[in-house]
Amino acid sequence: MADQKLLQINNLKLHFRTQSGVVQAVDGVDFELDYNRAVVILGESGCGKTSLAKAILRVLPRNVHTYSGSVVLDGTDVMPFSEEQFRHDVRWSKMSLVPQAAMNALNPVLRVGDQVAEPAMIHMGATKENALEMARKMFQNVGVPADFLVRYPFELSGGMRQRAAIAMALVTSPRLIVLDEPTSALDLLTQANIMNVLKRIKKSFGTSYILITHDIATSSELADDVAVMYAGQIVESSDAHRFFTAPLHPYSRKLMASVPRLRAEVEPEFITGQPPSLINPPKGCRFAARCSFRFEKCDQEPPVFVKEGRQVKCWLHQ
Amino acid sequence: MKGLKQTLRELGRYPSAVAGLIIIMILLGISIYAPIAMPYSEAVSLWRSDENVWYRNPKFAPPAWTNWFRSEKLATSFAMGTEDGTIKKEVIEGETTKTINMVFPFDFTADTFPDELSIFFKSNFKEKEPFASVTWITPDGREIRVGDVSLGATETYRISQDEKLKRRLGGLDPQMGLFVVDPKAKDVLVMQNGRYELRVSVVSFEKDADVDAEFVFYGQVHGWFGTDHMRRDLGVALLWGTPIALAFGLVASLTTTVAHLIIAAIGVWYGGWIDELIQRITEVNLVIPFLPILIMIGTLYSRSIFVLFGATILLSLFGGAIKSLRATFMQIKEAPYVEAARSYGASNWRIILQYLIPRLIPLLVPALVTAIPGYVFLEASLAVLGLGDPILPTWGKLINDASSNGALYKGLYYWVLEPAVLLMIAGLAFAMLGFSLDRIFNPRLRGN
Amino acid sequence: MTLNTVTEAVKSGAPAGAAKPPLLSIQNLHVWFELRRWGFGLAGYVRAVDNVNFDLHDGEAIAVVGESGCGKSSLMKTILGLNRPLKGQVVFNGRDISKMTGKDLRWYRSQVGYVQQDPYGALAPFMSIERILEEPLIINGVKSKEERQQRVRKVMEEVKLFPVDDYLTKFPHMLSGGQQQRVVIARAMILGPKIIVADEPVSMLDASVRVEILKLLRGLQVSHNLSVIYITHDLSTVRYFSERIFVMYAGKLIEKGMVNDLLGNPQHPYTNALLTATPEPDARNAEIFQEVPAGEPPSLVTPPPGCRFHPRCSQMIKGVCDVEIPPDFEVSPGHFSACWLQKPQ
C-alpha cells in the first residue's frame, strides 16, 4: 500500500473521428503521479496535451472513436465507471480541471462567487450558504479579496479571473487538479502571482497537480516531475531536477535549447520542421524526421527504456 | 470560403436540403415555363375575362383526378365542337336549303349525372335564321327527341333547362333523364353507361350560311386543378402564381438583405452620429406594425403589386436584422486583419466592401434563403385579406376567392388546398435549403 | 553567423548612430482617450500614453517591455498612424506625422510595417495568400499586376516560404502558426518600409517556433537596415533581438537603456520586479516563493499622484514618490531611470 500512487495511467488512448480521418490525439500514454507532487506535461501545440487533460477527466466530445486504457485513481480504476458514477464520485470530488483560458470560461451573467460555489453545491450537496462560505475561503487562499464574491466576471482583471477559476477547481478539495495552460495568457507579474498561489495551496492542502503547458521556464516553478509529450505519446518522463539540468530525449534537449535565457549568454535554437499529423502518425519513432541523431533503428518504434528511475522512449538510451 | 461546387456537394449530405433544392428547381422550372406557355398579357386577360372564355367549364368543379379516390365516380366535364375540327360536319346541299348534320359521340362512364348539358351555336347568315333539331341516341339504341331551336348569331341551347324535354322525360331533369334506362320508372332509376350520341341537324335557308356547334357536357369534375366560381381553370392561377410568388420572395429577400448589410456596415464603420441615427431609425421601425401599414396602403391608396412591393421593401429596409448584423460587424471590425488593413492605408470603403462584408456572406446566404418564404407568405397574406393585386392571378388570390365564395363551407376543399399546399411546399423547400445552408456555412451549429 | 556577434559591438554604451538625426522621434507624446458616460457626458480621460519621449535611429531595434494595460498598444498604434495623439509629436524623417491626413498619412503608413500578435487573426480568412500580400500594393497604387506579382514573390522568398507557388494559392487556415506569421511579416515588408512595429510577434506561437521567427525578423532587420520596435512582455527574448530596451508602466517609460546596461544593472524597482519574475528552467524554482510586488497596475483614468508605481513599491519614499512625478535620471550614458531612488545626491 505504501507503493500506491495517487494516479496511475496505463496505455491511455483517446482517438477522435473527424472529417479527415481518425485523430490519434492520445496514443498509449503511461505515467504515474504520487501524492502531493506536481507533474508537468510539456508539449507544443498539436502534441495532444489538451486531449490528455480531457481524457483523464473524461470530458469527451461526441466524436470519440477510441477511449481505452486504465486510469487508477487512489487505487481504483475509474475507467469502467459509468458516466453517472464518474460524475458523482470522481469529477470534481477527487479531481478537477482548470481548463485552458479558464478566465474566459466564466459565465458572464453569473456572479463570480456563485460560480465558484456551484461545484460545492453539486458535488458535495452543500447548501447555498455553506457553499458560498467555502467559496469565500477559497478566494482567500487564492488571494482574491472577499468583496469580489458578488462581482461579475467582467469586473475582474484577467489575473483575478484566472484565480477565480482556480478557486472553482479547489472548492471541493480534490486530491488532484489538472491545469491546462493556466498562465499562458497572463502578464509576467500575474503569472508569478498565480504560481505562488499554486505553490501555497500545494503546501497547505497537499494537493497534487498535473500542469499542462508549453512554457518550459514557468513550468519549472511548480514541477516535481516532468513528462514530455510529442505526437500523442510521452517520450520522456523524469524528476524535475535531472530533467532541467540534463534532459535525455533529443526532443527534450531541443526544447530546452530553444528557451531564451535571460541570465546566460546562450543563443537559443529552434527546431526545424513541424510535428507530425496525428491522423496518420509515422511508423517508428515519431520524432525521427526532425532528429539530428537519427539512425536505422529509429524506423521501429522504440519502447520505453528505464534509466535510473527516468523513462525515455528513444533508441539512443537502450 | 466555399465554392459553389463544394457547397452543393456538402448539401448533398442533407436529405432535406436535396429535397428542398429539387422542389425549388421544379418551381423555378414552372416559373420559366409560365411566361413562355402563356404570356403575361394572355394570362391577365384570361383571368379577368368573364364567362365568354371559360364557358366550357363547370362551376366549382374539383379536379378530375379526385375521381381516383371516389367510389362513386363523378362525371368529368368535356366539350366537343365543330369549330376546331374534332367533330365533322356533314353538309347536304339542297335546292333552297342546306342541311348541316353534326354528330357528337361520347362515352359516359361516370356514376353521377352531369350538372348541365348545353349546346353553343355560332351561325353565319344574312337574314334568315337557321333551325336546329337535336336528337339523343342512347347506348341501347333508343332515340329521344331533345328539342328544336332557331339560331341567332350566337345561340345557347341549355338542354338541361328545357322544360318541354323535362315533361317528355316524365318530370325528370334532362341531365338525368337522358341517361336513365327507363325514365318512366321513377322509383328505381338505373343509370345507363355506354356510348351516347347527340345528333344535331341544322337547316339553313341560305346557301352561304354556316353554323358551328359545340356540345358541352358539364360534369362535376374538370381538368387537373378544378374550377372556380367564374368557371376559370385554377391551373392558370397556380401556374402564374409561381413566378409571381418566387419573384416577390426572391427580390424582396435579396434587396432587404443587401440593404441591411450595407446599412449596418456603414453604421458600424463610421460610428458616431451616423451609427446612432441608424440605430434609432431601426428601433422605430421595429415598433411600427408591418402588416397593418401595408393593409392601410392597400386599402386607401393602391393595390398594385408594385406599390405594395415597394412599400414592403421600404418598411423592411431598417429591419431588426440590422441589430444583429451590427453586433457581428463590431466584432469583425476589431479583428486584427482589419487593423492591419488600416495600417497599410486601406480606405474606409475598401474595408467595408472587401474586408467586412465578405466575412458576413456565410451568415447572409442562409439568412437570405430562409427569408424568402416570409415574403412569399406576405404576398399571399395580403391577397387573402383582399389586398392582392386585382388583376394578377396569384396563389393568395385563389384563397381569397375561395373564402369569399364559402369554399370550405360548401366542401370545395380543392380550391383552398391547392394554393395552400403550393405555398407550404414553396415555403418548406426554401426553409429546408436555408437551414442546411446555415449548417454548412456556420459549422458551429453542426454540433459535432 | 550568430546574430550575437553582429550586434555585440552596439550592446553597451551610447546608442549607435547617435550623431545622425533619429529616424523617428517621439516628443512629449500624450495619447488620451475620452471616456464617455451614457454616450454623452465626458467622464474623464484614459491616459494611455502620458508624456513619452524617445528616439529611434536608423537600423536600430528597440524593445518596449510592459504588461497589459501599460499603454504600449496605444503607443504603437500612434506610431503606426492609427491614433491621433492629444499632445506631442511623432516626427519621422523631420516631418510630424501626428497631424497628417490623406495622402501624406498614407505615405507614412507605407513607411511603417505592422506585425501583429495573432497570426491567424491578422490574415483575412477569405483571401488567398497572394491576395493578402497584394492588398497593400494595390492600395498604394501599384497598378501593374506583373510588378505586384514580382514583389510578392520577392518578399515570400525573403521570409523563406518555399516553394512560393504552393503557398500563394493557399488560404490562411491551411498554414501553421509559424507560416502564418511569416506571411504577416512578408506583408509588413512588402511596401519597403523603414520601420517595423512588431506587437508581441511570437507570443502566440510555440516555443520552438518563436526563436525561428525572431531570428527571421532579426535577419531582415540587418539585411534591409530596418528599424524595429519590438513590443513584448517576455524579457528573456529582448537580449537577442534588440539593442535598447524601454520599460513602460501605466503610460510612462520608466526605464530606458541599452540591453546589457539595463539587464545587467537594472535601476527601477519595477524593472527589478519584472526581471525577478522572469523564470528560467531551473528545478529549484519549485521550492521558493517568488517575490512579487503586491497589487495590480493602476487605473489609467485616475492614476496615482507622483510616481505611478509607488503604491506597489517596497522602497517608496513617503512624501516624495507619492507627490511628484520623477523625471528621467541618467544613471550612466544612455541609461535613464525615472525613479527618485536614482536622484543623484
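About the criteria used
- Residues numbered from 1 in each chain as written.
- Chains lettered and ligands numbered in written order.
- Predicted model: local features only at pLDDT ≥ 70, side-chain atom pairs only at ≥ 80, totals over all residues.
- Helix = DSSP H or I, 4+ residues; strand = E, 2+ residues; numbered from the N terminus.
- Rg over C-alpha atoms; globule rule 2.2 N^0.38 Å.
- Buried ≥ 20, exposed ≤ 12 C-beta atoms within 10 Å, placed from the backbone.
- Contact = placed C-beta atoms within 7 Å.
- Core = buried A, V, L, I, M, F, W, Y, C linked by C-beta atoms within 7 Å.
- Pairing = 2+ DSSP bridges.
- Axes fitted to C-alpha atoms, helices over the stretch in contact; angles between N-to-C directions.
- Nonpolar A, V, L, I, M, F, W, Y, C, P; charged D, E, K, R; others polar.
- Left-handed = near helix turned anticlockwise from the far one by under 90°.

Colleague: I tried to follow the overall build of chain B on my own but got confused; where do I start?
Modeller: Scanning chain B from N- to C-terminus turns up 16 helices and nine strands. Taking 448 residues into account, the globule formula puts the C-alpha radius of gyration at 22 Å, and chain B, at 31 Å, lies well above it. Taken along its principal axes, the extent of the C-alpha atoms in chain B is 105 × 50 × 40 Å. Of all 448 residues assigned to chain B, the portion counted as buried reaches 36%.

Colleague: What exactly am I supposed to notice about the overall build of chain C here?
Modeller: Scanning chain C from N- to C-terminus turns up eleven helices and twelve strands. By the compact-globule yardstick of 20 Å for 345 residues, chain C fits well, its C-alpha radius of gyration being 21 Å. Looking at chain C as a whole, 49% of its 345 residues qualify as buried. Within chain C, contacts between residues at least 6 apart in sequence are counted, and of these 66% link residues at least 24 apart.

Colleague: Explain the nonpolar core here, please?
Modeller: Generally speaking, nonpolar side chains in soluble globular proteins are found buried as a group. Core analysis: the largest hydrophobic core is formed by 211 residues, its most contacted members being A:A135, A:A167, A:V171, A:V178, C:V65, C:V197 and C:I229. The residues touching A:V178, leaving out its near neighbours within four places in the chain, are A:A53, A:I56, A:L57, A:M95, A:L97 and A:I210. Listed in part, the 85 residues of the second largest apolar core include B:F108, B:L165, B:L378 and B:L398.

Colleague: What should I look at first to understand the sheet that holds strand β11 (residues 329–332) of chain C in this one?
Modeller: Whenever strands of a sheet pair, they do so through backbone hydrogen bonds, lying parallel or antiparallel. Residues and elements named next belong to chain C. One open sheet accounts for eight strands, arranged β6-β7-β8-β3-β9-β10-β12-β11; its pairing is mixed. Of all strands in the sheet, those with a lone pairing partner are β6 (112–115) and β11, marking the two edges. Shown here is a sheet whose adjacent strand axes are inclined to one another by a mean of 20 degrees, direction ignored. Pairing analysis gives four bridges linking strand β3 (residues 61–65) to strand β9 (residues 244–249), with the strands arranged parallel. Residue pairing across strands places V64 opposite F246, the latter belonging to β9. On top of the sheet, helix α11 (residues 269–277) reaches β3, β9 and β10 (252–258); it is set at about 105 degrees to β9, its chief contact.

Colleague: Where do I start with the interface of chain A and chain C in this structure?
Modeller: By a widely used convention, the size of an interface equals the accessible area lost when the partners come together. Taken together, the contact between chain A and chain C spans 38 residues of the former and 34 residues of the latter. Mapped onto the side of chain A that touches chain C, the elements with two or more residues apiece are α6 (188–205), α7 (216–219), α8 (240–245) and α9 (250–257) of chain A. Across the side of chain A that touches chain C, the residue classes break down as 18 nonpolar, ten polar and ten charged.

Colleague: Explain the interface of chain C and chain B to me, please; I cannot follow it from the model alone.
Modeller: Listed by partner, the interface residues are 18 residues for chain C and 15 residues for chain B. Looking at the side of chain C that touches chain B, the elements with two or more residues in it are α3 (102–111) and α4 (129–139) of chain C.

Colleague: I keep staring at the packing of helix α7 (residues 234–270) of chain B against helix α13 (residues 348–387) of chain B and nothing clicks. Help me out?
Modeller: In helix packing, the relevant descriptors are the interaxial angle and the interaxial distance, both defined with respect to the helix axes. All names here are of chain B. Running from N to C, α7 and α13 cross one another at 145 degrees; their axes reach a closest spacing of 7 Å. In this structure, the crossing between α7 and α13 has a hand that is right-handed. A breakdown of the residues in the contact of α7 with α13 according to their chemical character gives 21 nonpolar, four polar and one charged.

Colleague: Looking at this model, I keep getting lost on the sheet that holds strand β11 (residues 305–307) of chain A. Mind explaining?
Modeller: All names here are of chain A. Across the sheet, which stays open at both edges, the eight strands sit in the order β6-β7-β8-β3-β9-β10-β12-β11 with mixed pairing between neighbours. Either end of the sheet is taken by a strand with one partner, and the two such strands are β6 (95–98) and β11. Taking the axes of each pair of neighbouring strands and ignoring which way they run, one obtains an average angle of 20 degrees across the sheet. As paired elements, strand β10 (residues 233–239) and strand β12 (residues 310–312) share two bridges and run antiparallel to each other. Its bridge partner being in β12, S237 is matched across the sheet by Q311. Helix-sheet contacts for helix α1 (residues 49–57) involve β3 (38–42), β6, β7 (176–180), β8 (208–213) and β9 (225–230), and the interaxial angle to β7 is about 155 degrees. The sheet strands contacting helix α5 (residues 158–170) are β6 and β7, and the helix crosses β6 at an angle near 170 degrees.

Colleague: Looking at this model, I keep getting lost on unusual backbone geometry. Mind explaining?
Modeller: Apart from glycine, the bulk of residues carry a negative phi angle, and the bulk of peptide bonds sit in the trans form. Looking along the chain, the bond that leaves C:F162 and enters C:P163 is cis, with omega of -10 degrees. Unlike most non-glycine residues, A:S173 shows phi in positive territory, near 50 degrees. The exposure class of A:S173 is partly exposed, given the 15 C-beta atoms found within 10 Å. The phi dihedral of C:E200 is positive, around 45 degrees, even though this residue is not glycine. Along the polypeptide, C:E200 turns up in the loop between β7 (195–199) and α8 (207–224). For C:E200, a count of 17 C-beta atoms within 10 Å gives the class partly exposed.

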